[in-house]
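# Analysis of the macromolecular model
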Amino acid sequence: MALRLYNTMSSQVEDFQTIRDKEVRMYACGPTVYDYGHIGNFRTFLAVDMLQRFLRQSGYSVRYVMNITDVDDKIIRNAARDGVSVQQYTAKYEKAFLEDSAMIGIQQPTLVRATDHIPQMADFVARLVEKDIAYRTDDGSYYFRIAKFPAYGKLSKKDFGGMIDSARVEFDEYDKDSARDFALWKAPKPGEAFWSTSIGAGRPGWHLECSVMSMEELGETFDLHAGGEDLVFPHHENEIAQSESLTGKMFARFWFHVRFLLVEGEKMSKSLGNFFTLRDLVLKGHKPSSIRYLLTSVPYRNQLNFTFDGLKQAAVSVDRLRNFRQRLNCGNFSPGSNPEMQSLATETTDRMKAALEDDLNTAQAQAAIFEMVRRANAALDSNAVQKEDIPSLLAALEKFDDIFAVLNDDDAAKMKQVFEWAPTEGRDKDIGAELRDAVQFAQLSGADIENKIAEMEAARRSRNFKSSDALRTELTTAGIIIENTKDGVRWRRK
Ligand code: AMP
Ligand code: ZN
């Protein structure tokens, strides 16, 4: 078996084949940095992160590029409203995006900024004008002549037969059922930021940004282009039109689109009060690992309904995996190996691979690892696990974690960071000191716990029972279960 992926262009699950042997060149539309990223954005970014991790695990070298849209209609408007430059306005949100991505375990792609590519964008427009595919309007804006690209609509499967007209649409985002000439380059309006270029003053349209940067970084034809499902039309349709009419070549082979996330069954929106940034959730005391786990637990083409119950469940699942690893790492086992455990580890690895190869079925991969944990825990209870089984079981767990990335017990440190950022970011979401203490306390890291246990043991040995009891109470209040075994003290989370 090899990877099979759904391709929006063909509307089918296809064998994933690359242009160059064992090398993947892929591009994802990144954030528009005009606000903090919300959990819907991160569902999409995480799905692409899982994909690139799995491609690497499968032996591909991956060149993964993501853009940062740091100029568009909204940014220009907000910067003008706040009386700051575009750069000043976006810097804060770009930084927050990088911090949030790291917090949630996203391996950083090669990032490219729109405002660093303005001359290339002007040049791209000039080349389209030369081919009579783009034209200039009286105000100095440039538009793409849609009638010149008969395949327009091939990605979104919209049939524009007879509806193609030369009316123009100026905005970056628009809902439409007919094809209109769209803006490639916008002349400045009074008071708006602009760049002086070879084609005149102005700023690029959003669609143009992605065509120019993806082809510059990855070549005229590359393997895969990703984004949320809302980008199929018009954004990706327009990228295809611009790029293919200029080069005469196929732009991207695979189109990977992630289904929108719902919150408690409804579309996320500020007016419904169900709109959450990643930071909102952390400030409510939720661990980054639970959020990552939940957002990656539903295959990317299925609807993910985000609920707070689901988030609690995710935390339990992550703890179960961490406790299992802890049990393997800390136990004392008799020499030898149990063939049943050996085949359990191999089967689990195979099942996870097969699940992910099946259009990235993350739910099935999780089911496989939990089946292993359940069976191995039962074997541990009856002393049926032997020394040589440990590396095999741990290896299966590591394979899982290469993709899911939740085993590392670093939530406490990450949450402390968010608490420190929150006030300086001017957020109004400051949490009470009491909750802050409670959260930090409950988030003791593995190393914190082990230090406290060592302290507790030292106090006990020097017969300072008051102090050792106090430490034990502190740990149990924080949800840590401590067991005295013949091999010493063992701990796990409740
Ligand atoms: P934006 O910053 O709005 O340009 O969006 C960045 C990425 O997040 C794009 O790929 C969007 O398609 C995606 N996105 C936006 N909202 C959601 C949502 N509710 N669920 C999943 N993906 C989303
Ligand atoms: Zn894009």
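Residues numbered from 1 in each chain as written. Chains lettered and ligands numbered in written order. Predicted model: local features only at pLDDT ≥ 70, side-chain atom pairs only at ≥ 80, totals over all residues. Heavy atoms only, no water.

For the peptide bond that leads from Phe233 to Pro234, omega is 0°, which places it in the cis range. The backbone phi angle of Asp359 is positive, close to 55°, even though this residue is not glycine. Counting through the fold element by element, Asp359 comes out in the loop between α10 (339–357) and α11 (362–381). (Helix = DSSP H or I, 4+ residues; strand = E, 2+ residues; numbered from the N terminus.)

Around ligand 1 sit 15 residues, and of these Gly40, Thr44, Gly228, Asp230 and Leu261 come closest. Within the contact set of ligand 1, an oxygen atom lies 3.0 Å away from a backbone nitrogen or oxygen of Thr32. Asn41 places a side-chain nitrogen or oxygen 3.0 Å from an oxygen atom of ligand 1. Relative to its unbound accessible surface of 490 Å², ligand 1 loses 88% to contact with the protein. (Near = heavy atom within 4 Å. Polar contact = N/O pair within 3.5 Å; in protein donor to acceptor, adjacent residues only side chain to side chain. Areas by Shrake-Rupley, 256 points an atom, 1.4 Å probe, with all protein chains shown as cover.)

For the zinc ion (ligand 2), every protein donor is listed as Cys29 (SG), Cys210 (SG) and His235 (NE2), and the spread of their distances is 2.0 to 2.2 Å. Written as a sequence motif, the donor arrangement for the zinc ion (ligand 2) is C-x180-C-x24-H. Highlighted residues: Cys210 in helix α5 (residues 206–218) and His235 in helix α6 (residues 232–247), separated in sequence by 25 residues. In this pair, the class of Cys210 matches that of His235, namely buried. (Donors = N, O, S within 2.8 Å, 3.2 Å for Na, K, Ca; no water. Buried < 20%, exposed > 50% of the residue type's maximum accessible area, 1.4 Å probe, protein only.)

On to the pairing of strand β11 (residues 200–204). Two strands pair when backbone bridges link them, and strand β9 (residues 181–186) and β11 are joined in this way by two bridges, in the antiparallel orientation. Each bridged residue has a counterpart across the sheet, and for Trp185 the counterpart in β11 is Pro204. Note: strand β10 (residues 195–197) against β11, three bridges, orientation antiparallel. When the bridges of β11 are listed, Ser196 appears paired with Ala201. Taking the residues between adjacent antiparallel strands as the criterion, β10 and β11 are bridged by two residues. (Pairing = 2+ DSSP bridges.)

Attention now moves to the layout of surface pockets. Taken as a whole, the largest pocket encloses approximately 1100 Å³ of empty space. What lines the largest pocket is a set of 37 residues, and nearest its centre among them are His38, Asn41, Glu173, Asp230 and Phe260. Within the residue set of the lining of the largest pocket, elements represented by two or more residues are α1 (39–57), β12 (222–228) and α6. Per element, the largest residue contribution to the lining of the largest pocket is four residues, and it comes from α1. Broken down by class, the residue content of the lining of the largest pocket amounts to 16 nonpolar, twelve polar and nine charged. Residue contributions to the lining of the largest pocket reach at least three from each of two domains, namely domain 1 (4–258) and domain 2 (266–404). (1 Å grid on protein atoms, 1.4 Å probe; cavity = no way out; pocket = protein on both sides within 12 Å on 5 of 7 lines; lining within 4 Å. Points joined across faces, edges and corners; volume = space filled by probe spheres on them. Nonpolar A, V, L, I, M, F, W, Y, C, P; charged D, E, K, R; others polar. Domains from an automatic or database assignment.)

All right, on to the packing of aromatic side chains then. Here the structure, examined in full by the defined rule, presents 17 aromatic pairs. Summarising the aromatic geometry, the rings of Phe42 and Phe45 are spaced 5.9 Å apart at their centres and angled 80° between planes, so their arrangement reads as edge-to-face. Placement of the pair is Phe42 and Phe45 together in helix α1, with a separation of three residues, close to one helical turn. Exposure class is identical for Phe42 and Phe45. Each is buried. Considering the side-chain rings of Tyr135 and Tyr143, the 6.2 Å spacing of their centres and the 25° angle between planes classify their relative orientation as stacked. Overall, Tyr143 belongs to the buried group, its relative accessible area being 8%. (Phe/Tyr/Trp six-rings, centres within 6.5 Å; stacked < 30°, edge-to-face > 60°.)

Counted according to the given criterion, the structure contains two cavities of 30 Å³ or more. For the largest cavity, the calculated volume is near 70 Å³. Looking at the largest cavity, the residues that line it are Arg43, Leu46, Ala47, Met50, Leu295, Thr296, Val298, Pro299, Tyr300, Leu360 and Thr362. When residues of the lining of the largest cavity are assigned to their parent elements, the largest contribution, four residues, is made by α1. When the residues that make up the lining of the largest cavity are grouped by side-chain class, the tally is eight nonpolar, two polar and one charged. Taken domain by domain, the lining of the largest cavity gets at least three of its residues from each of domain 1 (4–258) and domain 2 (266–404).

Right, let's get into the sheet that holds strand β14 (residues 261–263). In space, the three strands of this open sheet follow the order β15-β14-β16, with mixed pairing throughout. Both outer strands of the open sheet, β15 (266–267) and β16 (304–306), are each paired with one neighbouring strand and no more. On top of the sheet, α1 reaches β14 and β16; it is set at about 145° to β14, its chief contact. (Contact = heavy atoms within 4.5 Å. Axes fitted to C-alpha atoms, helices over the stretch in contact; angles between N-to-C directions.)

By the assigned domains, the protein splits into domain 1 (4–258), domain 2 (266–404) and domain 3 (411–493). For domain 1 and domain 2, the distance between their C-alpha centroids amounts to 34 Å. Taken together, the 30 residues of domain 1 in the interface contact 34 residues of domain 2. Roughly 2700 Å² is buried in total at the junction of domain 1 and domain 2, and carbon and sulfur atoms are behind 67% of that figure. In terms of surface lost to domain 2, no three residues of domain 1 exceed Ile39, Arg43 and Met50, which account for 28% of the buried area on that side. (Buried area = accessible area lost by both parts, 1.4 Å probe.)

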